[in-house]
Amino acid sequence: MDEGKIADLGELNRLFTAWVEHVYHRAVHSETGQPPMERWLAAAPFPQPTAAQLREAFRWSEHRTVTKTATVSLLGNIYNVDAALVGRKVELVFDPFDLAEIEVRFQNRPFGLAIPHRIARHAHPKARPEVPETPPAPTTGIDYLRLIDNARTQELGQKINYTALLPAQPGEDS
């Protein structure tokens, strides 16, 4: 793949999806003797994660020792925690884009929320929103991924006959 042809991450994802669906999933695998999609679908149905499970999967955590005054600091912010945790090392679990709500855990058990005492920073400094870069100059040559994308788009368009959904017009044969 010529890296100069991909404008942004969204386009790369779209082209990769087209290749996976149109080429990879349909080709017979040398070890299994089956196309990957056919083999995967044979194991269906698949469990779906709940919203809470997805939220938990993308949270960050850091460990801190609770001070004598039952506080912890995280990135310049000070939080009050349960006084029973004084002197203990706790895990702070949080959304990196929102440091106002921090969950406290001790020995893998929840110990409530840390109460913000002083908030100086509202997001983790390493949690940066995605910003698209300037697209590179176009190159010439055969664009394999776009050919596959066009074939997939054409195939998807043939699967749904929208005109069949419309009521028959007077004078037309059904």
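The residue count restarts for each chain, going from 1 along the sequence in the order it is written. Under the rules for a predicted model, residues below a pLDDT of 70 receive no local features and side-chain atom pairs below 80 are neither given nor counted, while totals for whole chains, interfaces and linings still include all residues. Each side-chain value is derived from all of the structure's non-hydrogen atoms; neither hydrogens nor water enter the calculation.

## Quick look at the overall build of the protein chain
Helix and strand definitions follow DSSP, with helices as H or I runs of at least four residues and strands as E runs of at least two, each counted in order from the N terminus. Scanning the protein chain from terminus to terminus reveals four helices and six strands. Mapped in sequence order, the helices and strands of the protein chain form the string α-α-α-β-β-β-β-β-β-α. Here the term buried applies to any residue with accessible area under 20% of the maximum for its type, exposed to any over 50%, and partly exposed to those in between, with areas from a 1.4 Å probe on protein chains only. Residue burial in the protein chain is summarised as follows: out of 174 residues, 23% are buried. For the protein chain, restricting intrachain contacts to residue pairs at least 6 apart in sequence, the fraction spanning at least 24 positions comes to 54%. Accessible area of the protein chain: about 13,100 Å², with a carbon and sulfur share of 57%. By definition in these notes, contact holds between two residues if any of their heavy atoms fall within 4.5 Å. The Shrake-Rupley method, run with a 1.4 Å probe sphere, supplies the accessible areas, and residue values consider only the shown protein chains as cover.

## Concerning the pairing of strand 4 (residues 89-95)
Most of strand 4 is tucked away: five of the seven residues are buried. When DSSP finds at least two bridges between two strands, those strands are taken to pair. Summarising the sheet, strand 1 (residues 60-65) and strand 4 pair through six bridges and their orientation is antiparallel. Along strand 4, the bridge assignment pairs S61 with V93. Pairing of strand 4 with strand 5 (residues 98-106), which is carried by five bridges, proceeds in the antiparallel orientation. Within strand 5, the position partnered with D95 by the bridge is D98.

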